[in-house]
Each structure stands twice: as C-alpha cells, then as structure tokens.
Amino acid sequence: METLRELFQVMTRRFGLLNRNCCQVGGTEISVVQSHILYELLRGDKPSMQQVADTLGMDITTFSRQIQTLVKMELVLKTPLPEDRRIYQLSLTAQGKYVAAKIDAEMNQYLNEVFSNMSEFERDMVIKSVKLLNEAMSKSTVCCKPLF
C-alpha cells in the first residue's frame, strides 16, 4: 500500500521531470528555478526583488545570483526605484516575456494532456482537491508555508 508521502514523491518527481524537460526555448536553457522566477515576473507588475524572493521562498543572496544570470541572458531587467535606489524592481524584457510565455504554454499543454486522460468529473475533482490541499498547506505551522 502506498503511503501519502510516496504518492506525493511520485507526483513531485513527475512534475519535476516535466520542468526539466520543458525549459529549453530556442537555444536558451532555463533552469527550473529560473522558470519559476520568469513565471512570477510574467504574473506580476514590476515586483521588487525581495517580493519575488519571498514568494518563491528563496534567500535574497541565492535569488540575486539567479537574477544576475537572467539579466545577462537578457531576459530580465533590474531597475532601481527612483525614490529608494536600494530597492530594485524586476520586469521581463521582450525576449523574457517570450521565453516565459513559451514555458507557460508548454506547461499548460502538458497539463491539458494529462487532464484529457480523465473524465470531466475526475478533472474537476482533482482541481478542487488541489485547491483544497493548497489552502490547507497555507495554514500549516510545520513547513512549506507559501508567503502569498
């Protein structure tokens, strides 16, 4: 009999393999962490470095290194706030928007394919269950509590 942890390990592994396999756009190789950053920037409106690092649960030093790499790849712009030059806002370049949108589309295509193997009732049940699980996890005092 599978344990709960086993079920989540398998699901996480399968989703992780998806991330590893989908994150090459054109000739650009994007790591899983970088794809998460691009996704947050695609969703946000010029968030600060600290906001995105907090959302992803990353320490600012590690996050800053990832941003520097994405800036060198010409995918992200890092702009100081005029009123407080210690705070940097992040945004996607045109190429960054393209790469983030392409990864997002590929992920959505994969998820649609996965859900196509289920009935409408099963799909709705899984989506409702994932929402319920996310909500319960956000109330956890143990670990993995998202900051958003």
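Residues numbered from 1 in each chain as written. Predicted model: local features only at pLDDT ≥ 70, side-chain atom pairs only at ≥ 80, totals over all residues. Heavy atoms only, no water.

## Observations concerning the environment of L41
Definition in use: By definition, any uninterrupted DSSP run of H or I lasting at least four residues is a helix, any uninterrupted run of E lasting at least two residues is a strand, and each is numbered from the N terminus. Contacts between residues were defined by any pair of non-hydrogen atoms, one from each residue, lying within 4.5 Å.
Here L41 is to be found in helix α2 (residues 32–43). Separated by 11 residues in the primary sequence, L41 and V52 have C-alpha atoms spaced 7.9 Å apart. The residues touching L41, leaving out its near neighbours within four places in the chain, are P47, V52, V76, L90 and L92.

## Describing the nonpolar core
General note: in soluble globular proteins, nonpolar side chains tend to be found buried as a group. So the rule is basically this: Side-chain atoms within 4.5 Å are what join buried Ala, Val, Leu, Ile, Met, Phe, Trp, Tyr and Cys residues into a set we call a nonpolar core. Using a 1.4 Å probe on the protein chains alone, a residue whose accessible area is under 20% of its type maximum counts as buried, one over 50% counts as exposed, and one in between counts as partly exposed.
In this structure, L38, F63, V76 and L90 are the most contacted members of the largest nonpolar core, which totals 20 residues. No other element matches helix α5 (residues 94–115), which puts 4 residues into this core. Beyond its immediate chain neighbours, meaning those up to four positions away, V76 contacts L38, L41, L70, V71, L90, S91, L92 and T93.

## Focus: the pattern of salt bridges
Here is the rule: We define a salt bridge as a contact between a side-chain nitrogen of Lys or Arg and a carboxyl oxygen of Asp or Glu at a distance within 4 Å.
Per the counting criterion, the structure on display carries 4 salt bridges. Its salt-bridge partner being E106, residue K102 comes within 3.5 Å of it at the nearest N-O pair. With K102 and E106 both in helix α5 and 4 residues apart, the pair spans about one turn of that helix. What makes K102 partly exposed here is its relative accessible area of 34%.

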